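Structural description and commentary
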Amino acid sequence: MKFRILRYSAMTRREIFKSIAKWVLFSLVLLVSYTIEVTMPFASWQPYLTLTTAVAVSFFSEELSGVVFAAFAGMMHDLAMGSLFGFTSIWLMPCCLFVTLLVVNLIHRNILNFLWMNLIAVILVQSAELLFKYLIWRNHDIDVVLINYVLPALIATVILSAPLYLIIRQINKKLGVENNTDDILTAFEDVEDDEDKVRY
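Rules and cut-offs
Counting of residues starts from 1 at the beginning of each chain's written sequence and follows it residue by residue. Reporting of local features is limited, given that this is a predicted model, to residues whose pLDDT is at least 70; pairs of side-chain atoms are given and counted only at 80 or more, and all residues count toward the totals for whole chains, interfaces and linings. Calculated side-chain values reflect all of the structure's heavy atoms, with hydrogen atoms and water omitted. Orientation is described by lines fitted to C-alpha atoms, with helices fitted over the stretch in contact, and by angles between N-to-C directions that extend from 0 to 180 degrees. Under the DSSP-based scheme used, a helix requires at least four consecutive residues in state H or I and a strand at least two consecutive residues in state E, with every element numbered from the N terminus. When an angle is under 35 degrees it counts as roughly parallel; over 145 it counts as roughly antiparallel; between 65 and 115 it counts as roughly perpendicular; any other value is oblique. Helix crossings get a hand from a simple test, with the near helix turned counterclockwise from the far one by less than a right angle marking a left-handed crossing and a clockwise turn marking a right-handed one. By the convention used here, residues are in contact when the closest approach between their heavy atoms is within 4.5 Å. Burial status follows relative accessibility: with a 1.4 Å probe on protein chains alone, a residue under 20% of its type maximum counts as buried, one over 50% as exposed, and anything between as partly exposed.

Here helix α5 (residues 111–135) crosses helix α6 (residues 142–175) at 155°, and the two axes come no closer than 10 Å. In terms of orientation, α5 and α6 fall into the roughly antiparallel class. For the pair α5 and α6, the sense of crossing is right-handed. Across the interface between the two elements, I111, F114, L115, N118, L119, V122, I123, L130, Y134 and L135 from α5 touch I142, V145, L146, V150, L154, T157, V158, S161, A162 and Y165 from α6.

This is how it looks when you write it as structure tokens:
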């Protein structure tokens, strides 16, 4: 079984344009998610849409780009929720990295795999926030926060994660750039030819 960590390949102008358009749309989805978190239209049932957006983008992207996107999504989540700026990014970035590595090397891209991976990532991030914001300081309000805010938010996140996944998947399907096996083999042959020319 072959594992890869990062992929570097040449891109045509059309592919560059599609890639830029894809990330612009991903950013717009993140901005809409951030707006929903700030305005809080669902009251206590406020979903963590910025976190889910980061996981969904990582589900369809490369390792480095997914981690960078997760960093920005985490900072926007902190701004929306009034948390310490950058705290969520510290936990969300490795979660999104593992999501990408699992999808690239081990599991298939489908909605069921996304749902359980997204749920685990959101639980890990929120558990870290509860740990450092309430448990360490022995805050007695943790029961109220957990029952009245965190659990409803998790339920709302699970419900809205499916349509958000479909939106990200559709953007990636229309604007994604994928190299097939022939392109990769051709790239390797070109590199070998260049080495031969340099040698002789």
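Following the structure, the description resumes.
Attention now goes to the environment of F42. Among the structural elements, F42 can be located in the loop between α1 (13–39) and α2 (49–59). Of the residues examined, F42 reaches a relative accessible area of 40% and is grouped as partly exposed. For the pair F42 and A153, spaced 111 residues apart in sequence, the C-alpha separation works out to 9.2 Å. In contact with F42, other than residues within four places in its own chain, are I36, P47 and L160.

As for its placement among the helices and strands, S89 is situated in helix α4 (residues 87–105). On the accessibility criterion, S89 (6% relative accessible area) is buried. Every residue in contact with S89, bar those within four places of it in the chain, is listed here: A70, A71, G74, M75, D78 and P94.

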